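Spelled out, the chains give:
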Amino acid sequence: MLNIRGGARGKYCDGVSRRDFLKVGGLALGGLSLPGILRAEAQTAIRSSNKAIIMVFLAGGPPHQDMFDLKMNAPAEIRGEYRPIATNVPGLEICEHMPRLATMMDKFAVIRTMVGAHGDHSAGQCLTGYTDTISKIQGGRPSLGAILSKLRGPVDPAVPPFVGLSPKMAHHPWSNPGDPGYLGMAHSPFSPFRAEAVATASAEPTFNLDAGRLGDRRSLLGELDSLRRQFDSDEAIGGLDTFTHRAFDILSSGKVFQALDVTKEDPKLRAKYGYGDMTNEFDGPPCCNDQFLMARRLVEAGARCVTISFGRWDTHSDNFTSCAQRIPKLDAALSTLIEDLHMRGLDKDVSVVVWGEFGRTPKINKAAGRDHWPQVSFALLAGGGMRTGQVIGSTDRNGEGPRDRPVTFQSVFATLYHNLGIAPDTSVPDRNGRPMYLLDHFDPIREVI
């Protein structure tokens, strides 16, 4: 195993140094090492395509009526404290704390009528299209990223097709970056912020690099060059198999490292994305704006799916104070990501979806919070060649439920698969070899196709 150990400098959102996570042999979920994943992945066909997905999960259930579906004609106990502002789409208003998004809503499709949420605090349904209960009954539904890994394989052998940026959190169902389910661990996400939680094979040799000798990019590359020479000459290493060598190559090639190293971007662009909080929010994810920039760099490098968990939106109390701090961070990161994708000509190939596991109650509780509300929520779609600059569906006067055009999670998934060039009635085998359709319902959102 390769450990590049970090010191106090360059901390990422969960407090882990950006050099701590570069470990060969321990970058997967479920206890299988990266060489093991590559070994199992060897039977996956590689096809040429640069279509990709960036999925942003807002853990805890973001308040739809305080962000993209404000109800100014509702009673005071429902209406909330925020004011709407006009956007560049006629007739569409959004929260006052999203001024940058307001100038570019023509690049988004807003779904105001997401239905079918289960009501549990879990990222599962946003990653698979299935509730956790159904997923468990059916043997573990694979996430969209795992499906892409299975059906498409890597664009570049040195870049994992599926990358999950969710850090380890106290509430584990939120920290799921996208389980492979019955497709097996070969299609797990490469999860750099969770490496410390993964068991590795004790037989694999370990190399430690001192963070004090990695003060800048030149010294890091020098260390990697030196380590590669050791790797090539050491007798113990010589006995390792092809897949362990490939695992080393993924990291030492520089492509993954460079994609994750946002310090190499123009400082002005990075500042435009924003930096966000550098620690987890209680038992949920951080607001780490850097990860939006990492996601863009990863898909540009060849990743097919990148998942992000952004912020803890479970506001049972103090909803308006906490969201007034959190929403502007999302505004900066998301607006810059979409602008960046368009500037780089990636907007036709890269689809972006932003959503949470459910919405929040129309009625404000006594603690100035909103509680769980699976009856309706929102989602944002962008890129992927979709028809944007529109609102899909409307809710009733109090935001309690759809007034028209309800949209299911599986309809969103069918749309994303369509953007990727994958027919939603495609099947993949489960652990018993039985063919399983990707979805139960195959209809994409016709308004955006």
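This text follows the structure it describes.
This report concerns the structure included in the present document. (Residues numbered from 1 in each chain as written. Predicted model: local features only at pLDDT ≥ 70, side-chain atom pairs only at ≥ 80, totals over all residues. Heavy atoms only, no water.)

1. Here we look at the side chain of Thr 128
In step 1: Following the sequence through the fold, Thr 128 ends up in helix H4 (residues 124-128).
In step 2: Here Tyr 130 takes part through its backbone nitrogen, which lies 3.0 Å from a polar atom of the side chain of Thr 128.
In step 3: Not counting the four nearest positions on each side in its chain, Thr 128 is found in contact with Arg 141, Pro 142, Ser 143 and Phe 413. (Helix = DSSP H or I, 4+ residues; strand = E, 2+ residues; numbered from the N terminus. Polar contact = N/O pair within 3.5 Å; in protein donor to acceptor, adjacent residues only side chain to side chain. Contact = heavy atoms within 4.5 Å.)

2. Quick look at the packing of helix H12 (residues 290-301) against helix H13 (residues 319-343)
Geometrically, a packed helix pair is captured by the angle between its two axes and the distance between the axes.
In step 1: Orientation of H12 relative to H13, taken along the N-to-C sense of each, is 20°, at an axis distance of 9 Å. Taken together, the axis directions place H12 and H13 in an arrangement best described as roughly parallel. As for how H12 packs across H13, the hand of that crossing is right-handed. Across the interface between the two elements, Phe 292, Leu 293 and Arg 296 of H12 pack against Leu 330, Ala 333, Leu 334, Leu 337, Asp 340 and Leu 341 of H13.
In step 2: Each residue belonging to the contact of H12 with H13 can be placed in one class, and the counts come to 7 nonpolar, no polar and 2 charged. (Axes fitted to C-alpha atoms, helices over the stretch in contact; angles between N-to-C directions. Parallel < 35°, antiparallel > 145°, perpendicular 65-115°, else oblique. Left-handed = near helix turned anticlockwise from the far one by under 90°. Nonpolar A, V, L, I, M, F, W, Y, C, P; charged D, E, K, R; others polar.)

3. As for the layout of surface pockets
In step 1: Of the volumes computed, that of the largest pocket is approximately 250 Å³.
In step 2: Along the walls of the largest pocket sit 13 residues, with Asp 132, Ser 135, Arg 141, Asn 176 and Asp 179 positioned nearest its centre.
In step 3: Of all elements in the fold, only H4 and helix H5 (132-137) reach the threshold of two or more residues within the lining of the largest pocket. (1 Å grid on protein atoms, 1.4 Å probe; cavity = no way out; pocket = protein on both sides within 12 Å on 5 of 7 lines; lining within 4 Å. Points joined across faces, edges and corners; volume = space filled by probe spheres on them.)

4. Some details on the environment of Arg 360
In step 1: Along the polypeptide, Arg 360 turns up in strand S11 (residues 359-360).
In step 2: Between the C-alpha atoms of Arg 360 and Gln 65, which are 295 residues apart in sequence, the distance is 8.0 Å.
In step 3: Polar contacts involving the side chain of Arg 360 include one to the side chain of Thr 315, which spans 3.4 Å.
In step 4: Separated by 2.8 Å, the side chain of Arg 360 and the backbone oxygen of Arg 370 make a polar contact.

5. Some words on H13
In step 1: Taking 1.5 Å of rise per residue, the 25 residues of H13 would be expected to cover 36 Å, and the 35 Å separating its terminal C-alpha atoms lies within 8% of that figure.
In step 2: Phi turns positive one or two residues past the end of H13, at Gly 345, with a value near 70°. (Expected span 1.5 Å × (residues − 1).)

6. Considerations on the packing of aromatic side chains
In step 1: On inspection of all chains with the given rule, the structure shows 7 aromatic pairs.
In step 2: With 5.9 Å between their ring centres and 35° between their planes, Trp 355 and Phe 413 make a pair best called tilted. One end of the pair, Trp 355, is in strand S10 (residues 350-355); the other, Phe 413, is in helix H14 (residues 409-420), with 58 residues separating them in the sequence.
In step 3: Geometrically, the ring pair formed by Tyr 437 and Phe 442 is edge-to-face, given 5.4 Å between the ring centres and 70° between the ring planes.
In step 4: Here the aromatic cluster, defined as three or more aromatic residues joined through ring pairs, consists of Trp 355, Phe 409, Phe 413 and Tyr 417.
In step 5: Here the basic side chain of Arg 326 rests over the ring of Trp 313, its NZ or CZ set 5.2 Å away from the ring centre. (Phe/Tyr/Trp six-rings, centres within 6.5 Å; stacked < 30°, edge-to-face > 60°. Lys NZ or Arg CZ within 6 Å of the ring centre and 35° of its normal.)

7. Observations concerning H14
In step 1: Compared with the 16 Å implied by 1.5 Å per residue over 12 residues, the 17 Å span of H14 between its first and last C-alpha is a close match.
In step 2: Within H14, 11 of the 12 residues are buried, which leaves the element mostly enclosed by the surrounding structure.
In step 3: Listed as buried for H14 are Phe 409, Gln 410, Ser 411, Val 412, Phe 413, Ala 414, Thr 415, Leu 416, Tyr 417, Asn 419 and Leu 420.
In step 4: Just beyond H14, the residue with positive phi is Gly 421, at close to 80°. (Buried < 20%, exposed > 50% of the residue type's maximum accessible area, 1.4 Å probe, protein only.)

8. Considerations on the pattern of salt bridges
In step 1: Across all of its chains, the model carries 22 salt bridges by this definition.
In step 2: Measuring nitrogen to oxygen at the nearest pair gives 2.8 Å for the salt bridge that ties Asp 340 to Arg 344.
In step 3: Take Asp 340: its relative accessible area is 6%, and that puts it in the buried class.
In step 4: For Arg 344, a relative accessible area of 37% puts it in the partly exposed group.
In step 5: Of the charged contacts in the structure, one is a salt bridge between Lys 348 and Asp 347, with a shortest N-O distance of 3.1 Å.
In step 6: Overall, Lys 348 belongs to the exposed group, its relative accessible area being 51%.
In step 7: Overall, Asp 347 belongs to the buried group, its relative accessible area being 11%. (Salt bridge = Lys/Arg side-chain N within 4 Å of Asp/Glu carboxyl O.)

9. Details of the pairing of S10
In step 1: For S10, the tally of buried residues reaches 6 of 6 residues, placing the bulk of the element in the interior.
In step 2: In this structure, strand S3 (residues 52-59) lies alongside S10, joined through 6 bridges in parallel fashion. What sits directly across from Ile 53, in S10, is Ser 351.
In step 3: As paired strands, S10 and strand S13 (residues 377-383) are joined by 5 bridges and run antiparallel to one another. Its bridge partner lying in S13, Val 353 is registered against Leu 381. (Pairing = 2+ DSSP bridges.)

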